[in-house]
Amino acid sequence: MKFQADRFDVQTITGYGPGWIAVDGEKTTVSTVVTSRGQRLDWDCRSFADLTPEHFARLAELQPEVVIFGSGAAIRFVPPAWLAPLMRQHVGVECMDTQAACRTYNILAGEGRHVVAALLLEA
């Protein structure tokens, strides 16, 4: 087992609740992509039904090690074909509810992993 210190020099999700998250203390109520390399991007979808293959193709452009997909209040899975750009790059994708995705992102980012959290925030 390899032990290494947590890295707190990455942006972290400091709070969350129904329909909102806070990244480094800044609250947002729109779907967001957060990366452990400091990027924070609005993710133009207001509901699970708004998602398209292009949403996941854009995540592949960030060239992460792993993508954590927070699917809202309940865990939902996207069609596997939508994940093809990520799979071609051998990027791991985990689907979970958004609150679990926030916690998982913080753990992986704190370990120094290049992680992208795509967080669906529904009103």
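**What about unusual backbone geometry?**
- Positive phi, normally seen in glycine, also occurs at aspartate 24, with a value near 50°.
- Within the element layout of this structure, aspartate 24 appears in the loop between strand S2 (20-23) and strand S3 (26-28).
- For aspartate 24, a relative accessible area of 45% translates into the label partly exposed.
- You will see that histidine 90, though not glycine, has its phi angle at about 60°, which is positive.
- Within the secondary structure, histidine 90 sits in the loop between helix H2 (84-88) and strand S7 (92-96).

**Notes on the side chain of histidine 114**
- Within the secondary structure layout, histidine 114 lies in the loop between helix H3 (98-110) and strand S8 (115-119).
- With a relative accessible area of 6%, histidine 114 lands in the buried category.
- Among the polar contacts listed, one links the side chain of histidine 114 to the backbone oxygen of leucine 62, at a separation of 3.2 Å.

**Here's the deal with the pattern of salt bridges**
- One pass over the structure, following the stated rule, counts 4 salt bridges.
- One salt bridge in this structure joins glutamate 65 and arginine 113, with 2.4 Å as the shortest N-O distance. Taken together, the positions of glutamate 65 in the loop between helix H1 (53-60) and strand S6 (66-70) and arginine 113 in the loop between H3 and S8 put the pair 48 residues apart, joining distant regions of the chain.
- Taking relative accessible area as the criterion, glutamate 65 reaches 38% and is therefore assigned partly exposed.
- With a shortest N-O distance of 2.9 Å, glutamate 122 and arginine 76 are connected by a salt bridge. Of this pair, glutamate 122 sits in the segment after S8 while arginine 76 sits in the loop between S6 and H2, and the two are 46 residues apart along the sequence.

Reading the values: rules and limits
Residues numbered from 1 in each chain as written. Predicted model: local features only at pLDDT ≥ 70, side-chain atom pairs only at ≥ 80, totals over all residues. Heavy atoms only, no water. Helix = DSSP H or I, 4+ residues; strand = E, 2+ residues; numbered from the N terminus. Buried < 20%, exposed > 50% of the residue type's maximum accessible area, 1.4 Å probe, protein only. Polar contact = N/O pair within 3.5 Å; in protein donor to acceptor, adjacent residues only side chain to side chain. Salt bridge = Lys/Arg side-chain N within 4 Å of Asp/Glu carboxyl O.

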